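# Coordinates in review
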Amino acid sequence: MSLKSNYRDGDFFTKRSKKEGYRSRASYKLKELLKKEIIISKGQSILDLGCSPGGWVQVAKEFVGKSGKIAGVDIKEMAYIEDCYFLNKSIEDLQQNDFDEIKEFLPFDLVLSDMAPNISGIRERDNALMIGLVDHVLSVVDNFLKVRGSVLIKVFQGESLDYTRTALRERFRKVKISKPKASRSNSNEIYIVGKDLK
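Residues numbered from 1 in each chain as written. Predicted model: local features only at pLDDT ≥ 70, side-chain atom pairs only at ≥ 80, totals over all residues. Heavy atoms only, no water.

Right, let's talk about the sheet that holds strand E1 (residues 45-49) for a bit. Spatially, seven strands are ordered E3-E2-E1-E4-E5-E7-E6 in an open sheet, and the strand pairing comes out mixed. In the strand order of this sheet, the two ends are held by strand E3 (84-87) and strand E6 (172-178), each with one partner. Strand-to-strand twist in this sheet, taken as the mean axis angle between neighbours without regard to direction, amounts to 15°. Where helix H2 (residues 27-36) meets the sheet, its contacts fall on strand E4 (108-113), strand E5 (145-156), E6 and strand E7 (189-197), and the angle it forms with E7 comes to roughly 35°. Most of the contacts of helix H5 (residues 159-171) go to E6, to which it runs at about 155°, and overall it touches E5, E6 and E7. (Pairing = 2+ DSSP bridges. Helix = DSSP H or I, 4+ residues; strand = E, 2+ residues; numbered from the N terminus. Axes fitted to C-alpha atoms, helices over the stretch in contact; angles between N-to-C directions. Contact = heavy atoms within 4.5 Å.)

Pasting the structure below:
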């Protein structure tokens, strides 16, 4: 696929997200991944790490319904989304008492991370930064995800993918790699799913 057609496809999802009221084109990545890879039911709870601007929160809400709960964490501000419990802080600083207001929904059924470091274009550096982010996500998984729960993490193809796959296999009974259609074909990003936490 040419770079031109690739970005035309990207524009398609950007335009569609505006038309359908989603805050980012990334919403369609999560929709596809949740339909294909992870079973989420009404009433369950999801923790979205690096949630701003809120496109994934919007999609997650559709899956858990009014009886479920979405919690979002980001160092960036996020405009209000009804029924989303938002924490404006670094994921490195998360503590159990941060969730006291919604403690009946803990531990979470699913942890999401669509985070990525600021890209330098230097592959080794970018992979090292991504692995650092993944370590923080794994710490959250270890502390806030329920047994039999799932995780979905964005990584880069290469070293950070290999690292994350190994780490998830130690924790989960099933691990799968997926690249959704809404992800640009020339992008180095890929998603890894861990299901059935041991």
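Our focus in this paragraph is the pattern of salt bridges. Side chains that differ in sign of charge can pair as their charged atoms come close. In this structure the tally under the stated criterion is 14 salt bridges. Lys89 is the salt-bridge partner of Asp98, the closest N and O atoms lying 2.9 Å from each other. Residue classification places Asp98 among the buried positions, given a relative accessible area of 15%. Linking Asp196 and Arg148 is a salt bridge whose minimum nitrogen-to-oxygen distance equals 2.4 Å. Highlighted residues: Asp196 in strand E7 and Arg148 in strand E5, separated in sequence by 48 residues. On the basis of relative accessibility, which here comes to 14%, the residue Asp196 falls in the buried class. On the basis of relative accessible area, Arg148 is assigned to the exposed category, the value being 60%. Ionic contacts of the salt-bridge type, sharing partners, join the residues Lys29, Asp114, Lys154 and Glu189 into one network. (Salt bridge = Lys/Arg side-chain N within 4 Å of Asp/Glu carboxyl O. Buried < 20%, exposed > 50% of the residue type's maximum accessible area, 1.4 Å probe, protein only.)

Mean pLDDT over the protein: 90, with 89% of residues reaching 70 or higher. pLDDT under 50 marks residues 1-9. Its contacts with residues more than four places away, or in other chains, come to 10 contacts. (pLDDT = per-residue confidence, 0-100.)

Counted under the stated rule, the structure contains four aromatic pairs. An angle of 75° between the planes, with centres 5.4 Å apart, marks the rings of Phe99 and Phe108 as edge-to-face. This pair shows no difference in class: Phe99 is buried, exactly as Phe108 is. (Phe/Tyr/Trp six-rings, centres within 6.5 Å; stacked < 30°, edge-to-face > 60°.)

Turning our eyes to something else, we now look at the environment of Ile131. In this structure, Ile131 sits in helix H4 (residues 123-144). Its relative accessible area of 13% is what places Ile131 among the buried residues. Residues Ile131 and Val155 lie 24 residues apart in sequence; the distance between their C-alpha atoms is 8.2 Å.

With that settled, the discussion passes to H4. The end-to-end C-alpha separation of H4 is 31 Å, in line with the 32 Å expected for 22 residues at 1.5 Å each. Of the positions making up H4, those classed as buried are Asp126, Asn127, Met130, Ile131, Leu133, Val134, Val137, Leu138, Val140, Val141 and Phe144. In this structure, the buried side of H4 is in contact with E1, E4, E5, H5, E6 and E7. (Expected span 1.5 Å × (residues − 1).)

For the rest of this paragraph, the subject is the packing of H4 against H5. A pair of packed helices can be characterised by two numbers: the angle between their axes and the separation between those axes. Interaxial distance between H4 and H5 falls to 9 Å at its minimum, and their mutual angle equals 15°. Here H4 is positioned roughly parallel relative to H5, judged by the angle of their axes. Between H4 and H5 lies a crossing whose hand is right-handed. For the pair formed by H4 and H5, the contact residues are Asn127, Met130, Ile131, Val134, Asp135, Leu138 and Asp142 on the first element and Glu159, Ser160, Tyr163, Thr164, Ala167, Leu168 and Arg171 on the second. A class-by-class count of the residues in the contact of H4 with H5 yields seven nonpolar, three polar and four charged. (Parallel < 35°, antiparallel > 145°, perpendicular 65-115°, else oblique. Left-handed = near helix turned anticlockwise from the far one by under 90°. Nonpolar A, V, L, I, M, F, W, Y, C, P; charged D, E, K, R; others polar.)

Now for the nonpolar core. Counting residues in hydrophobic clusters, the biggest one holds 35 residues, and the most contacted among them are Leu47, Leu49 and Phe99. Of all the elements in the fold, those that place two or more residues in this core are E1, strand E2 (69-73), E3, E4, H4, E5, H5 and E7. Looking at this core element by element, the count peaks at eight residues for H4. Every residue in contact with Phe99, bar those within four places of it in the chain, is listed here: Leu47, Ala71, Tyr85, Leu87, Leu94, Leu106, Phe108 and Phe144. Counting 23 residues, the second-largest nonpolar core is a separate cluster that includes Leu30, Ile46, Val59 and Met78. (Core = buried A, V, L, I, M, F, W, Y, C linked by side-chain atoms within 4.5 Å.)

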